[in-house]
Amino acid sequence: ATANAQADVESINQALGTGNADALTKYFADNVEIAIQDKEQTYPRTKATDVVRSFFNSNKPKSFNQMHKGNSRENSDQYCIGSLSSAGGNFRVYIYLKTTGSNISIQELRFDKE
């Protein structure tokens, strides 16, 4: 990954840890698949922001700790897995990032209660 994409991943991790939905939105693809506790749906970007914001409101994030990241086999897409500590308990977070040139976008975001 380029240094640029690496910086983006850092920003995404930081946005998750602080519960900043607007900062995350900058990285959302036009359509984002969001899964919260097995409720899975694909949303257009603006709706995805609302969904994530309401999740953060119900589960105020305290910190996000990236535990694993890797590249998809087929291409340069990346995924990150981490643990989100929140007032509502801990969640395992899975992020799938599409890489286009030096830009990355969040295609999929999953929150599973640990």
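Residues numbered from 1 in each chain as written. Predicted model: local features only at pLDDT ≥ 70, side-chain atom pairs only at ≥ 80, totals over all residues. Heavy atoms only, no water.

**What to know about the packing of aromatic side chains**
Then, in step 1: Counted under the stated rule, the structure contains five aromatic pairs.
Then, in step 2: Relative to F56, the ring of F55 lies with its centre 6.0 Å away and its plane at 50°, an arrangement referred to as tilted.
Then, in step 3: Given the relative accessible area of 5%, F55 is considered buried.
Then, in step 4: For F56, a relative accessible area of 3% puts it in the buried group. (Phe/Tyr/Trp six-rings, centres within 6.5 Å; stacked < 30°, edge-to-face > 60°. Buried < 20%, exposed > 50% of the residue type's maximum accessible area, 1.4 Å probe, protein only.)

**Quick word on helix α1 (residues 3–18)**
Residues that lie three or four places apart on an α-helix share one face, since the helix turns once every 3.6 residues.
Then, in step 1: Between its terminal C-alpha atoms α1 stretches 23 Å, which fits the 22 Å expected from 16 residues at 1.5 Å a residue.
Then, in step 2: Among all positions of α1, only A5, D8, V9, I12, N13, A15, L16 and G17 are buried.
Then, in step 3: Residue G19 follows α1 closely and has a positive phi angle near 70°. (Helix = DSSP H or I, 4+ residues; strand = E, 2+ residues; numbered from the N terminus. Expected span 1.5 Å × (residues − 1).)

**Quick notes on the nonpolar core**
Then, in step 1: Judged by nonpolar contacts, the single largest core of 29 residues is most densely connected at L24, I95, I106 and F111.
Then, in step 2: For this core, the secondary structure elements donating two or more residues are α1, α2 (21–25), β1 (28–36), α3 (45–58), β4 (78–86), β5 (89–100) and β6 (103–113).
Then, in step 3: Contacts of I95, omitting those with residues within four sequence positions, involve I12, L16, F64, Q78, Y79, C80, I106, E108 and L109. (Core = buried A, V, L, I, M, F, W, Y, C linked by side-chain atoms within 4.5 Å. Contact = heavy atoms within 4.5 Å.)

**Some remarks on the pairing of β6**
Then, in step 1: Where β1 lies against β6, five bridges are found, and the strand directions are parallel. Residue pairing across strands places E33 opposite E108, the latter belonging to β6.
Then, in step 2: Two elements, β5 and β6, share 10 bridges in a ladder whose sense is antiparallel. Across the sheet, Y94 pairs through a bridge with R110, a residue of β6.
Then, in step 3: Counting the residues in the hairpin turn of β5 and β6 gives two residues, including G101, whose phi is positive at 60°. (Pairing = 2+ DSSP bridges.)

**What about the pattern of salt bridges?**
Then, in step 1: Within this structure, the stated rule accounts for eight salt bridges.
Then, in step 2: The partner of R53 in a salt bridge is D50, with the nearest N and O atoms 3.5 Å apart. Of the two residues, R53 and D50 are both situated in helix α3; the distance of three residues between them amounts to about one turn of the helix.
Then, in step 3: Taking relative accessible area as the criterion, R53 reaches 31% and is therefore assigned partly exposed.
Then, in step 4: Note on D50: relative accessible area 42%, which makes it partly exposed.
Then, in step 5: A salt bridge links D77 to K98; its shortest N-O distance comes to 3.6 Å. Taken together, the residues span a long stretch of sequence, with D77 in the loop between β3 (61–71) and β4 and K98 in strand β5 at a distance of 21 residues.
Then, in step 6: D77 gets classed as buried once you look at its relative accessible area, which sits at 3%.
Then, in step 7: Because the salt bridges share partners, they merge into one network encompassing E33, E40, E108 and R110. (Salt bridge = Lys/Arg side-chain N within 4 Å of Asp/Glu carboxyl O.)

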